[in-house]
Amino acid sequence: MKVVVGLSGGVDSSVAAYLLQQQGHEVIGLFMKNWNDSEFTLEDECPWVEDSNDALLIAQKLNIPYQVIDLSDIYKERIVDYMFHEYESGRTPNPDVLCNREIKFDIFLETALSLGADKVATGHYARVNSFMEKDQTIYKLLAGIYQNKDQSYFLCQLNQYQLSKALFPIGNLTKPEVRQIASKAGLITANKKDSQGLCFIGKIRLPDFLQQKLKPKKGKLVEIFSDSHKYEKEERLFTSKKEELIYLSTPQQYTEEDGKVIGEHSGAHYFTIGQRKGLGIGGHIEPCFVIDTDVSNNVIYVGEGKNHPGLLRKALFISQKEVHWIREDLKLKMGGQMQVKVRIRYRQALQNAVLYQYEEGIFIEFENLQSAITRGQFAAWYTDDELIGSGVIS
């Protein structure tokens, strides 16, 4: 089989290429250049040049064809511009999820197929398998065996076609095993640090990055106290489950009058719910967290302590146009419900929850209160270790 591997210059994709070659496949290495501007990349972090050199050395070591494809224009349009727009609107995007949907398993996949490839492979800690049903192959996206590094969440927007073309050769391995294989095979990336940055860009100072387009704008920091009248629990009777879900998933609305102005910030669009760094607030026993941002009035609302009631909610809503099923065959019917496990951010432990499907979209009601449910982020739902669907939190 002819397989194009997205070589990123890291140990995971290097080992993915090596394993495929060991299995007897014809392997081609392709490096995606997604970024031209080093101005906003941290100096001590390797930008794409060093990564592409490492990818080249891996290809030479394995004696496989290698080329660099420049996707920076498409990346700017589909990922970077989208990020700016989302932050400006007061939402917090996940560029890694988008990069997989829009770049690696779209443009990159098309390029690979045009080179005569049967499949594309990446160094994700995830697994894909399939089964037959009524003459149709159905593909399943499974969590990586190594819980600590399971990256299925980043692939939560892929579809059946994309999964049919995907290979994740290291999905059955742990990170230490991957490093060990790299070391035994003499791959120069064996001890290379994991990149922490944006998908294929490198480590970026997010505020600096956002300031390219979103200008600083001084505004008020308002503290809402945990004993605020906003959080008084009144006994409510609901006429339907839907009415209850709307109530539980609707974020609290604040005004300046609900709290006390304790400082200023450089722009509400730079901040995200649950954030504690960069607030510059002193004089509190516990750290303060952003509990809401109001970009139209440029106000940030904060609360003291990680158990502040303003951070906690029992349910969330995903509008119908943002709902994505990897397993179309498991899609909920109108009025249907399903027990699932959900995560609302990468590395969060899976949470017990129930999905409810209505005309407007899906409500997710959690067994336990969730902290910092954030607009613009992805909620992904699983049954056992299979990721079956996802959507953007409204």
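Criteria and thresholds
- Residues numbered from 1 in each chain as written.
- Predicted model: local features only at pLDDT ≥ 70, side-chain atom pairs only at ≥ 80, totals over all residues.
- Heavy atoms only, no water.
- Phe/Tyr/Trp six-rings, centres within 6.5 Å; stacked < 30°, edge-to-face > 60°.
- Helix = DSSP H or I, 4+ residues; strand = E, 2+ residues; numbered from the N terminus.
- Buried < 20%, exposed > 50% of the residue type's maximum accessible area, 1.4 Å probe, protein only.
- Pairing = 2+ DSSP bridges.
- Axes fitted to C-alpha atoms, helices over the stretch in contact; angles between N-to-C directions.
- Bend = angle between axes of the 7 residues up to and from the residue.

(A) Structural detail: the packing of aromatic side chains. Evaluation of the coordinates by the stated rule reveals nine aromatic pairs. With centroids separated by 4.4 Å and ring planes inclined at 40°, the aromatic side chains of Phe154 and Tyr346 adopt a geometry described as tilted. One end of the pair, Phe154, is in the loop between strand E6 (136-143) and helix H5 (160-164); the other, Tyr346, is in the loop between strand E14 (337-343) and strand E15 (351-358), with 192 residues separating them in the sequence. The exposure class assigned to Phe154 is buried, which follows from its relative accessible area of 12%. Taken together, Tyr153, Phe154 and Tyr346 form an aromatic cluster joined through their ring pairs.

(B) Inspection of the pairing of strand E8 (residues 219-223) at higher detail. Most of E8 is tucked away, with four of its five residues classed as buried. Judged from the five bridges that link them, E8 and strand E9 (residues 260-265) form a sheet pairing that is antiparallel. Each residue of the ladder has a partner; that of Val222, found in E9, is Val261. The pairing of E8 with strand E11 (residues 299-304) spans four bridges and is classified as parallel. Looking at E11, one finds that Val222 is bridged to Tyr301.

(C) The arrangement of unusual backbone geometry in detail. Positive phi is not limited to glycine here, since Lys134 has a value of about 45°. Structurally, the position occupied by Lys134 is in the loop between strand E5 (126-133) and E6. Taking relative accessible area as the criterion, Lys134 reaches 80% and is therefore assigned exposed. The phi torsion at Asp135 lies on the positive side, around 60°, for a residue other than glycine. Counting through the fold element by element, Asp135 comes out in the loop between E5 and E6. Overall, the relative accessible area of 78% leaves Asp135 in the exposed class.

(D) View of the sheet that holds strand E10 (residues 288-294). The strand order across the open sheet built from four strands is E9-E8-E11-E10, with neighbouring strands paired in mixed fashion. Here the strands that pair on one side only, and so sit at the sheet edges, are E9 and E10. Taking the axes of each pair of neighbouring strands and ignoring which way they run, one obtains an average angle of 30° across the sheet.

(E) Seen up close, helix H3 (residues 72-88). For H3, the principal kink sits at Val80 and spans about 25°. Listed as buried for H3 are Ser72, Tyr75, Ile79, Val80, Met83, Phe84, Glu86 and Tyr87. Just beyond H3, the residue with positive phi is Gly90, at close to 85°.

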